Amino acid sequence: MPRKSTRLTFAVLATGAGVFAMLQSLIAPALPTVQHALHTSQSTATWVMTAYLLSASVFTPILGRVGDLVGKKRTLVAVLLAVLAGCLLAALAPTIGVLILARVVQGVGGALFPLSFGIIRDEFAPGEVPGSISTLSAVIAAGGGVGMVAAGPIVSALDYRWLFWIPVAVVAATVLIAARYVPESPNRAEGGVSWLGAVLLSGWLVALLLPLSQAAVWGWGSAKVIGLFVLAAVLLALWLTVEARSRSPLIDLKVMRLPAVWTTNLAALLFGAGMYAIWSFLPGFAQTPSSAGYGFGASVTASGLLMLPMLVAMFLSGMLSGRLEPVVGAKALLTTGAALGALACGFLAVWHAEQWQIAVVAGLFGLGIGLAFASMANLIVGSVPPAQTGAATGMNANIRTIGGSIGAAVTGVLVTGRLQPSGLPYGSGYTHGFTLLAVLCLAAALAALLVPVRRTTPPRGGATASGAPAAPVSAPARVR
């Protein structure tokens, strides 16, 4: 049964998840400043982002599963404490090595997403779950946008260390409120953590994401990149074998094979590729000097402000999706969100000569992000048993991250494949990159069309239309 203080619980979850999402993008515009302040090279400074990505990819599904087993509130507080420690260490870091370590600790916060979705499912009334998940998804999506917009002004007015001091204060207050007021979830998964599965999952994720993030430095044909891709394939095969035979798998592959789950994850992979690449390359496009034949020579702050329409649009559409879902269904919202992303990238490929055009396209893409984020979370939560909520939503977030890494890496190849004598990319590289992102988002929309429609009320004691066992009375079964 849902318990009291759901508004306060939601505020805690939204704050924690929003801060983590902000930390993903907050440091990116400040990397040149960090490089200069800590007297390091550009290639070393990029590990500030890479370490965070790898850490989050490992801890998100593992701690999501731990939360299902030992209690989501207990795990949530522990994760918030890790984020707090990571931010404090980063704010005080005297060297680049310590800062990279701090980012690894911060990456533990990736588990805030699946834990938050699981707590909402456990604690809120069934009728409140879709809207609450949609709103939380909007906060998560907007958090990344806030990071891009706020980084420039914070660094200019204060110092890059304040990118971490500010989250220290916010997370510290969130920990105290969470420990006192967030109730412990009643639902528990049976069994334990498959530590062999956890090691293999961590191994293939790192072996896949590391070369994707470093290929521009190491070279796509280098032995390190090719070797890591081969290792990732081997470890993935081993992980699938171990999980299939385990009595207590880290990720239940039967759940992952449910039609509503694998189709949503496929859409997440493709849409993530487009979304993260836009976040990575659109500010760089705006900052390119106009002498290159494109770009506006914008400052970090000005390029961040060009992304402001995306931030506002993704938050508003995410909030709106909670009201739209009971009417049109989560499948329709995911399809529409991905289609809007494809439309935005298509416009961007041919329509980027003026700053206002960039702002309009950013706003259109933001509408798509808000709808897609919220609907993906609701589709996963509504399709899996309560005891699998953390692990399943954690894998969905991870798959979106993997897609983002692939999209950013391939777009980087297109953009930087040919350089002008000045060292700047040709405008055609961006045009080809934006065209690719339009195709990826369109493919995500087509994948969303494959998501099966579920009956609003599953038969008593039977199976849902997606093949999952009928959900308990306390779980929402309302994916349309």
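Residue indices begin from 1 for each chain and proceed along its sequence in written order. Local features in this predicted model are restricted to residues whose pLDDT is 70 or higher, and side-chain atom pairs enter the listing and the counts only when it is 80 or higher, whereas totals over whole chains, interfaces and linings include all residues. Excluding hydrogens and water, the side-chain values take into account all heavy atoms of the structure.

Trainee: I would appreciate a short explanation of the overall build of the protein chain in the present structure.
Mentor: Only DSSP runs of H or I reaching four residues or more are called helices, and only runs of E reaching two or more are called strands; each is numbered from the N terminus. Check the secondary structure of the protein chain and you find 19 helices and zero strands. Put simply, the radius of gyration uses C-alpha atoms, and a globule should come to 2.2 Å times the residue count raised to 0.38. Compactness check: the protein chain gives a C-alpha radius of gyration of 21 Å against a globular reference of 23 Å for 480 residues, within 12% of the reference. With the C-alpha coordinates of the protein chain rotated into their principal frame, the extents come out at 70 × 45 × 45 Å. Put simply, the protein chain has 480 residues, and 59% of those count as buried. Only protein chains enter the area calculation, which uses a 1.4 Å probe; residues under 20% of their type maximum are buried, those over 50% are exposed, and those in between are partly exposed.

Trainee: What am I meant to see in helix H10 (residues 195-218) here?
Mentor: Residue pairs three or four apart in sequence face the same way in an α-helix, which turns once every 3.6 residues. We define the bend at each residue as the angle formed by axes fitted to the 7 residues ending at it and the 7 residues starting at it. Of all the bends found along H10, the most pronounced is centred on Leu212 and spans about 40°. Positioned one or two residues after H10, Gly219 has a phi angle of 100°, which is positive.

Trainee: Could you clarify how one ought to interpret the pattern of salt bridges in this entry?
Mentor: It is possible for side chains of opposite charge to pair when their charged atoms get near one another. Any Lys or Arg side-chain nitrogen located within 4 Å of an Asp or Glu carboxyl oxygen qualifies as a salt bridge. Taken as a whole, this structure holds two salt bridges when the rule is applied. Asp68 is paired through a salt bridge with Lys72; the nearest N and O atoms lie 3.8 Å apart. Looking at Asp68, the relative accessible area reads 1%, which means it is buried. We classify Lys72 as buried; its relative accessible area is 2%. One network of salt bridges, in which partners are shared, links Asp68, Lys72 and Asp122.

Trainee: I'm lost on the packing of H10 against helix H18 (residues 389-416) in this one. Help?
Mentor: Angle between the axes and distance between the axes: these two values describe a pair of packed helices. To get an axis, a line is fitted to the C-alpha atoms, and for a helix only the part in contact is used. The angle between two axes follows their N-to-C directions and goes from 0 to 180 degrees. Where H10 contacts H18, the two axes come as close as 9 Å, and the packing angle between them is 25°. Comparing the axis directions of H10 and H18 gives the class roughly parallel. The chirality of how H10 crosses H18 is left-handed. Contact with H10, carried on its side by Leu201, Trp204, Leu205, Leu208, Leu209 and Leu212, involves Met395, Asn398, Ile402, Ser405, Ile406 and Ala409 of H18 and no other residues of that element. Considered class by class, the residues forming the contact of H10 with H18 number ten nonpolar, two polar and no charged. Note that the term roughly parallel is reserved for angles under 35 degrees, roughly antiparallel for angles over 145, roughly perpendicular for angles of 65 to 115, and oblique for everything else. Handedness of a crossing follows from how the near helix is turned relative to the far one, being left-handed for an anticlockwise turn of less than a right angle and right-handed for a clockwise one. By definition in these notes, contact holds between two residues if any of their heavy atoms fall within 4.5 Å. We call Asp, Glu, Lys and Arg charged. Ala, Val, Leu, Ile, Met, Phe, Trp, Tyr, Cys and Pro are nonpolar, and the rest, Gly among them, are polar.

Trainee: What's the story with the environment of Ala448 in this structure? I'm lost.
Mentor: With respect to the element layout, Ala448 can be found in helix H19 (residues 427-449). Taking the C-alpha atoms as reference points, Ala448 and Trp220, 228 residues apart in sequence, are found 31 Å from one another. Among all residues touching Ala448, those that are not within four sequence positions of it are Ala267, Lys331, Leu334 and Thr335.

Trainee: How should I be thinking about unusual backbone geometry in this particular structure?
Mentor: Residues other than glycine predominantly adopt negative phi, and peptide bonds predominantly adopt the trans conformation. The phi dihedral of His39 falls on the positive side, at around 55°, and the residue is not glycine. Examined against the element boundaries, His39 turns out to sit in the loop between helix H2 (31-37) and helix H3 (42-45). A relative accessible area of 74% means that His39 is categorised as exposed.

Trainee: I keep staring at the side chain of Lys72 and nothing clicks. Help me out?
Mentor: Its location among the elements puts Lys72 in helix H5 (residues 72-92). Every residue in contact with Lys72, bar those within four places of it in the chain, is listed here: Gly67, Leu115, Gly118, Ile119, Asp122, Glu184, Ser185, Asn187 and Pro386.

Trainee: Explanation requested: helix H9 (residues 162-181) in the structure shown.
Mentor: Taking 1.5 Å of rise per residue, the 20 residues of H9 would be expected to cover 28 Å, and the 29 Å separating its terminal C-alpha atoms lies within 8% of that figure. Within H9, the full set of buried residues consists of Leu163, Phe164, Pro167, Val168, Val171, Thr174, Val175 and Ala178. Buried residues along H9 cover an arc of 150° about the axis, so they all sit on one side. Turned more than 90 degrees away from the buried face of H9, the exposed residues are Ala169, Leu176 and Arg180. Against the buried residues of H9 lie helix H1 (6-26), H5, helix H6 (96-106) and helix H8 (129-157). Expected span, for any helix, means 1.5 Å times one less than how many residues it has. Along the arc lie the directions from the helix axis toward the C-beta atoms.

Trainee: Teacher, can you tell me more about the packing of aromatic side chains here?
Mentor: Within a pair of aromatic rings, the relevant descriptors are the distance that separates the centres and the angle that separates the planes. To pair, rings of Phe, Tyr and Trp, with the six-membered ring standing in for Trp, must have centres within 6.5 Å; the planes then decide the type, stacked if under 30 degrees apart, edge-to-face if over 60, and tilted in the middle. Enumeration according to the criterion identifies 13 aromatic pairs in this entry. For the pair Trp351 and Trp356, a centre-to-centre distance of 5.4 Å together with 90° between the ring planes defines the contact as edge-to-face. Take Trp351: its relative accessible area is 28%, and that puts it in the partly exposed class. Feature note: the residues Phe285, Tyr294, Phe296, Tyr430 and Phe434 constitute an aromatic cluster, connected by ring pairs. The side chain of Arg400 reaches across the aromatic face of Phe373, ending 4.2 Å from its centre. The ring of Tyr426 carries the charged tip of Arg418 above its face, separated from the ring centre by 4.5 Å. Charge-over-ring contacts are defined here by two conditions on Lys NZ or Arg CZ: a distance within 6 Å of the ring centre and an angle within 35 degrees of the ring normal.

Trainee: Looking at this structure, I do not really get the nonpolar core. What am I missing?
Mentor: Proteins that are soluble and globular tend to have nonpolar side chains buried together. Nonpolar cores are built from buried Ala, Val, Leu, Ile, Met, Phe, Trp, Tyr and Cys residues. Side-chain atoms within 4.5 Å join them into one set. Phe271, Phe365 and Ile369 are the most contacted members of the largest nonpolar core, which totals 159 residues. Excluding residues within four positions of it along the chain, Phe271 makes contact with Gly337, Ala338, Gly341, Phe365, Gly368, Ile369, Ala372, Met376, Cys441 and Ala444.

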